[in-house]
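# Notes for the structure review
Listed here are the chains, written in short residue letters.
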Amino acid sequence: MKVSFNMTDGKYGHAAEFGLSKGCLIGGVRQYPVAAMVANFTKPLPDKPALLKHDEVVTYFHEFGHVMHELMTTCNFSLFSGTNVEGDFVETPSQMLENWCYEEDVLKLLSKHYTSGEPLPVTLRNQLIAARFADSGLLYKRQLFFGQFDMTIHTIQGKVDTGKIWHELRRSVAGIPAPEGTNGSSSFGHLTGGYSAGYYGYLWSEVFSADLFEEFKKGGVLNKELGLKYRKTILAPGGSKDAQTMLEDFLGRKPSQDAFLAQL
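Below you will find a few notes about this structure. Starting afresh in each chain, residues are numbered from 1 along the sequence in its written order. Note on the predicted model: pLDDT of at least 70 is required for a residue's local features to be given, and 80 or more for side-chain atom pairs to be given and counted; whole-chain, interface and lining totals, by contrast, use all residues. Neither water nor hydrogens contribute to the side-chain values; these are computed over all heavy atoms in the structure.

Numbering of helices and strands runs from the N terminus, with a helix taken as a DSSP run of H or I at least four residues long and a strand as a DSSP run of E at least two residues long. Across its full length, the protein chain carries 10 helices and 5 strands. Computed over C-alpha atoms, the radius of gyration of the protein chain comes to 20 Å, within 12% of the 18 Å expected from 2.2 N^0.38 for 264 residues, which places it in the range of a compact globule. Summary of the burial criterion: residues with accessible area below 20% of their type's maximum are buried, those above 50% are exposed, and those between are partly exposed, where the area comes from a 1.4 Å probe applied to protein chains only. Expressed as a percentage of its 264 residues, the buried residues of the protein chain come to 39%. For the protein chain, the proportion of contacts with a sequence separation of at least 24, taken over those separated by at least 6, is 64%. For the protein chain, the computed accessible surface area is about 14,900 Å², with 56% contributed by carbon and sulfur atoms. We treat Lys and Arg as the positive residues and Asp and Glu as the negative residues; His and chain ends play no part in the count. A charged residue contributes its charge at one atom only: NZ of Lys, CZ of Arg, CG of Asp or CD of Glu. In the protein chain, which carries 26 positive and 29 negative side-chain charges, the distance between the mean positions of the two groups comes to 3 Å. C-alpha atoms define the radius of gyration, and 2.2 Å times the number of residues to the power 0.38 defines the globule rule. Any two residues having at least one pair of non-hydrogen atoms within 4.5 Å are treated as being in contact. Using the Shrake-Rupley algorithm and a 1.4 Å probe, accessible areas are obtained, with residue cover drawn only from the displayed protein chains.

Structure (structure tokens):
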């Protein structure tokens, strides 16, 4: 695993995981995977170390979820290795790992005052957890808007007026009109970054991740046996199994949206 966390001139401006070498068999010899994790976190100062904000920790866990998906593969063919899964499942392991950032015991382990060494006070930990889904209605309407815009422009025949569609859907789906004279799709990088006609997968995958994490809430978020089961059934197969099969292997049942809806 290679990492680049600090902001520098000319660097990729977002957070992402990149598979540099896929895990597979080559001539009967195992080639081990290599992944790069890129982010733009708060930089250290001469008199103070880099102190990550909670949302940066969530971003770290998200991208590290992709890294684990890449590195834990046991596939023999690079075509199915690591994150080479169905497009609307690829964000499941990343969004799955975000859940640990909102668990009281985990926050206590993660946090430490850089001078006193004391963990984040229990009151603040509980406030972070309680605020997780504040204004979530706006967030999910935004995600629905992005997904519907993406799917709409990729299914219309002929010339597409992206600006017009952007404004119409912002108003009807998100409920918040876009500024006049703008075309927000020009900065919608996912459209040309591998998620064309697939942005809906973020929300689709979040439903799966909530269902998977519900098992950890029942069995313990630091449960080693459950973690190994997750590694074996969800991370290791890559794209060699259908997502539905992997979910059923871990859950012991068909996946459900109940856990996702219950947390809102």
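Turning our attention to the packing of helix 7 (residues 201-219) against helix 8 (residues 224-235). Here helix 7 crosses helix 8 at 160°, and the two axes come no closer than 11 Å. One way to sum up the angle between helix 7 and helix 8 is to call them roughly antiparallel. Note on packing geometry: the crossing formed by helix 7 with helix 8 is right-handed. Each of Leu212, Glu215, Phe216 and Gly219 in helix 7 lies in contact with helix 8, whose residues at this interface are Leu226, Gly227, Tyr230 and Ile234. Each residue gets one of three labels, nonpolar for Ala, Val, Leu, Ile, Met, Phe, Trp, Tyr, Cys and Pro, charged for Asp, Glu, Lys and Arg, and polar for the others, Gly among them. In the contact of helix 7 with helix 8, the residues fall into 5 nonpolar, 2 polar and 1 charged. Lines fitted to the C-alpha atoms define the axes, with helices restricted to the stretch that makes contact. Angles between their N-to-C directions range from 0 to 180 degrees. Note that the term roughly parallel is reserved for angles under 35 degrees, roughly antiparallel for angles over 145, roughly perpendicular for angles of 65 to 115, and oblique for everything else. A crossing counts as left-handed when the near helix is turned anticlockwise from the far one by less than a right angle, and as right-handed when that turn is clockwise.

Here the focus is the packing of aromatic side chains. Between 30 and 60 degrees the pair is tilted, below 30 it is stacked and above 60 it is edge-to-face, where a pair is any two Phe, Tyr or Trp rings, Trp via its six-membered ring, whose centres lie within 6.5 Å. Counted under the stated rule, the structure contains 27 aromatic pairs. On the basis of an interplanar angle of 20° and a centroid distance of 5.9 Å, the ring pair of Tyr60 and Phe64 is categorised as stacked. Taken together, the residues span about one helical turn, with Tyr60 and Phe64 both in helix 1 (residues 54-71) at a distance of 4 residues. With 6.1 Å between their ring centres and 80° between their planes, Phe216 and Tyr230 make a pair best called edge-to-face. You can see Phe216 sitting in helix 7 and its partner Tyr230 sitting in helix 8, a full 14 residues away along the chain. With relative accessibility at 3%, the residue Phe216 sits in the buried group. Through a chain of ring-to-ring contacts, three or more aromatic side chains come together here, namely Phe145, Phe146, Phe149, Trp166, Phe188, Tyr195, Tyr199 and Tyr202. Over the face of the ring belonging to Phe250 we find Lys229, whose NZ or CZ atom lies 5.3 Å from the ring centre. We call a charge positioned above a ring when the Lys NZ or Arg CZ atom is no farther than 6 Å from the ring centre and deviates by at most 35 degrees from the ring normal.

Before going further, it helps to spend a moment on a nonpolar patch on the surface. A grouping of Tyr12, Phe18 and Leu20 is seen on the molecular surface, where their side chains present a nonpolar patch of about 300 Å² in accessible area. One can find Tyr12 in the loop between strand 1 (2-6) and strand 2 (16-21). Judged by relative accessible area, Tyr12 falls into the partly exposed class, the value being 42%. Only residues whose relative accessible area exceeds 30% and that form no salt bridge are eligible for patches; like-charged ones are grouped when within 9 Å, while nonpolar side chains (Val, Leu, Ile, Met, Phe, Trp, Tyr) are grouped when within 5 Å. Counted as salt bridges are all cases of a side-chain nitrogen of Lys or Arg within 4 Å of a carboxyl oxygen of Asp or Glu.

The next point concerns the state of the cysteines. The term disulfide refers to a covalent linkage connecting the sulfur atoms of a pair of cysteines. Criterion for a disulfide: a pair of cysteine sulfur atoms at a distance within 2.5 Å. As enumerated under the stated definition, the model contains 0 disulfides in all. Here Cys24 is not disulfide-linked; the sulfur of Cys75 is the nearest cysteine sulfur, at 9.6 Å. Note on Cys24: relative accessible area 6%, which makes it buried.

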